[in-house]
Amino acid sequence: MSRVGKLPVKIPEKVKVAIDGTTVKVEGPKGKMAFAYNPVVKVVVDKGQVQVTRPDETRLAKGLHGLTRTLVKNAVEGVTKGYERTLEISGVGFKAELKGKDLHFALGFSHPVVFKLPEGITAEVDPKQTRITVRGVDKHLLGLTAAKIRGLRLPEPYKGKGIKYAEETIRRKEGKTGAA
C-alpha cells in the first residue's frame, strides 16, 4: 500500500470538494480548481475527508494512487492558503514592471520582453523592480509560470546576471585569467 496514498485528505471548513465522473472540483475562499484523474483509482468524499483507493496491485494503479492523493491535497491547500513563488532579477539595468496582467522586463536585450500572466496567476513587483512574487491557487500552473519567467533570462555562472528563484544559489565559475 502506498504510504502517501492511504492517508486521507482532511477537508477544512469553507472548502467544498465534489467528484463529477473523473473530475475533482475544489472550491474555497481563495478560488476554484478542478482537475481530471485516472479512473484506475477511486476517489471518495465522506465525513469531511477525501479517501483515494486502488483496486489492485498493478504498477499503474500503485503509481496513480499516491499521485492522485497528492493532487487532491495540493488543490485543497491551494484554495485555502494559496501558493507563491519569488523570483529575483540581478544585473545592471535589469528590471521588471507590472502593467495590468502583463509583466514588462528590461533584460539587456535590444527590446523589452512582455510576459502575459495566465488566468488564475497574479504577480507583484517590489518598488526596486528586482523582485517578483507570483501567486496562485494551482501549484502546477504557478511552478510552470515561474519557470517560464526564469527562462526569459537564465542566470549565468560568471556574473550571476539573470532571473533566479529567491532560494536558488548560482554556482559561480572563475573567469579567464591572464597569461603569466
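Before reading on, note that the structure itself is shown above.
Criteria and cut-off values
- Once a new chain begins, its residue numbering starts again from 1 and follows that chain's sequence as written.
- This being a predicted model, a pLDDT of at least 70 is required before a residue's local features are given, and a value of 80 or more before pairs of side-chain atoms are given or counted; all residues contribute to the totals for chains, interfaces and linings.
- Note that the side-chain values use all heavy atoms of the structure and ignore hydrogens as well as water.
- Here, a strand pair is defined by DSSP locating no fewer than two bridges between the strands.
- Each helix corresponds to a stretch of at least 4 residues labelled H or I by DSSP, and each strand to a stretch of at least 2 residues labelled E; elements are numbered beginning at the N terminus.
- All axes are obtained by fitting lines to C-alpha atoms, using only the stretch in contact for helices, and the reported angles, taken between N-to-C directions, cover 0 to 180 degrees.
- We call a set of buried residues a nonpolar core when its members are Ala, Val, Leu, Ile, Met, Phe, Trp, Tyr or Cys and they connect through side-chain atoms within 4.5 Å of each other.
- Classification of residues uses two cut-offs on accessible area relative to the type maximum, computed with a 1.4 Å probe and protein chains only: under 20% is buried, over 50% is exposed, and between them is partly exposed.
- Contact between two residues is taken to exist if any of their heavy atoms lie within 4.5 Å; hydrogens are not considered.
- Take a side-chain nitrogen of Lys or Arg and a carboxyl oxygen of Asp or Glu: if they are within 4 Å of each other, that pair is a salt bridge.
- To estimate the expected span of a helix, count its residues, drop one, and scale the result by 1.5 Å.
- Only rings of Phe, Tyr and Trp enter the pairing, Trp through its six-membered ring, and a pair is recorded when the two centres are within 6.5 Å. The plane angle decides the type: under 30 degrees is stacked, over 60 is edge-to-face, the rest tilted.
- As a reminder, the over-ring test applies to NZ of lysine and CZ of arginine, requiring each to be within 6 Å of the ring centre and within 35 degrees of the ring normal.

1. Re the sheet that holds strand E9 (residues 102-106)
Part 1 of the argument: Ordered by their spatial adjacency, 3 strands build an open sheet running E8-E9-E10, and the pairing between neighbours is antiparallel. Both edges of this open sheet fall to strand E8 (95-99) and strand E10 (113-116), since each of them pairs with a single strand only. On average, each strand axis in the sheet is tilted by 25° relative to the strand beside it, whichever way the strands run.
Part 2 of the argument: Relative to E9, E8 is paired through 5 bridges, and the arrangement is antiparallel. Along E9, the bridge assignment pairs Lys-95 with Ala-106.

2. Some words on the pairing of strand E5 (residues 42-46)
Part 1 of the argument: By the bridge criterion, 5 bridges tie E5 to strand E6 (residues 49-53) in an arrangement that is antiparallel. Pairing of Val-45 across the sheet is with Val-50, part of E6.
Part 2 of the argument: Hairpin connection from E5 to E6: 2 residues lie between these consecutive antiparallel strands, with Lys-47 at a positive phi of about 55°.

3. Remarks on the nonpolar core
Part 1 of the argument: Core analysis: the largest hydrophobic core is formed by 20 residues, its most contacted members being Ile-89, Leu-103, Phe-105, Ile-132 and Ile-149.
Part 2 of the argument: When residues no more than four places from it in sequence are discounted, the contact partners of Ile-132 are Arg-85, Thr-86, Leu-87, Ile-89, Ala-96, Leu-103, Phe-105, Ala-123, Glu-124 and Val-125.
Part 3 of the argument: Counting residues in each nonpolar core, the second largest holds 19 residues, with Val-15, Tyr-37, Val-50 and Val-52 among its members.

4. Concerning the pattern of salt bridges
Opposite charge on two side chains allows them to pair when their charged atoms are near.
Part 1 of the argument: For the structure shown, the criterion picks out 10 salt bridges.
Part 2 of the argument: With a closest N to O distance of 3.6 Å, Lys-25 and Asp-20 form a salt bridge.
Part 3 of the argument: By relative accessible area, which is 41% here, Lys-25 ends up partly exposed.

5. Points about the environment of Lys-42
Part 1 of the argument: Here Lys-42 lies in strand E5.
Part 2 of the argument: Given the relative accessible area of 54%, Lys-42 is considered exposed.
Part 3 of the argument: Spatially, the C-alpha atoms of Lys-42 and Gln-129 are 47 Å apart, while their sequence positions differ by 87 residues.
Part 4 of the argument: Leave out the neighbours within four places in its chain, and Lys-42 touches Gln-51, Val-52 and Thr-53.

6. Details of helix H1 (residues 59-80)
Because each turn of an α-helix spans 3.6 residues, side chains separated by three or four positions end up pointing in the same direction.
Part 1 of the argument: Helix length check: H1, at 22 residues, gives a terminal C-alpha distance of 33 Å against a target of 32 Å (1.5 Å per residue), a fit within 8%.
Part 2 of the argument: Looking only at H1, the buried set comprises Ala-61, Leu-64, His-65, Gly-66, Thr-68, Arg-69, Val-72, Asn-74, Ala-75, Val-76, Gly-78 and Val-79.
Part 3 of the argument: Of the residues one or two after H1, Gly-82 is the one with positive phi, at around 85°.

7. Considering the packing of aromatic side chains
The geometry of an aromatic ring pair is captured by two quantities: the separation of the ring centres and the angle between the planes.
Part 1 of the argument: If you walk through the whole model with that rule in mind, you get 0 aromatic pairs.
Part 2 of the argument: Across from the ring centre of Tyr-165, 4.0 Å away, lies the NZ or CZ of Arg-85, which sits over that ring.
Part 3 of the argument: The lysine or arginine in question, Arg-153, covers the ring of Phe-109, its NZ or CZ lying 4.8 Å from the ring centre.

8. Let's talk about the sheet that holds strand E11 (residues 121-125)
Part 1 of the argument: Pairing is antiparallel in the open sheet, where 4 strands are placed in the order E11-E12-E7-E13. Pairing within the sheet leaves two strands with one partner each, and these edge strands are E11 and strand E13 (162-165). Strand-to-strand, the axes of this sheet are offset by a mean angle of 25°, without reference to chain direction.
Part 2 of the argument: As judged from the 6 bridges shared by strand E7 (residues 83-90) and strand E12 (residues 131-136), these two strands associate in the antiparallel manner. In the strand pairing of E12, Leu-87 is matched with Ile-132.
Part 3 of the argument: In this fold helix H2 (residues 139-151) packs onto E7, E11, E12 and E13, with an angle of close to 5° to the strand it touches most, E7.

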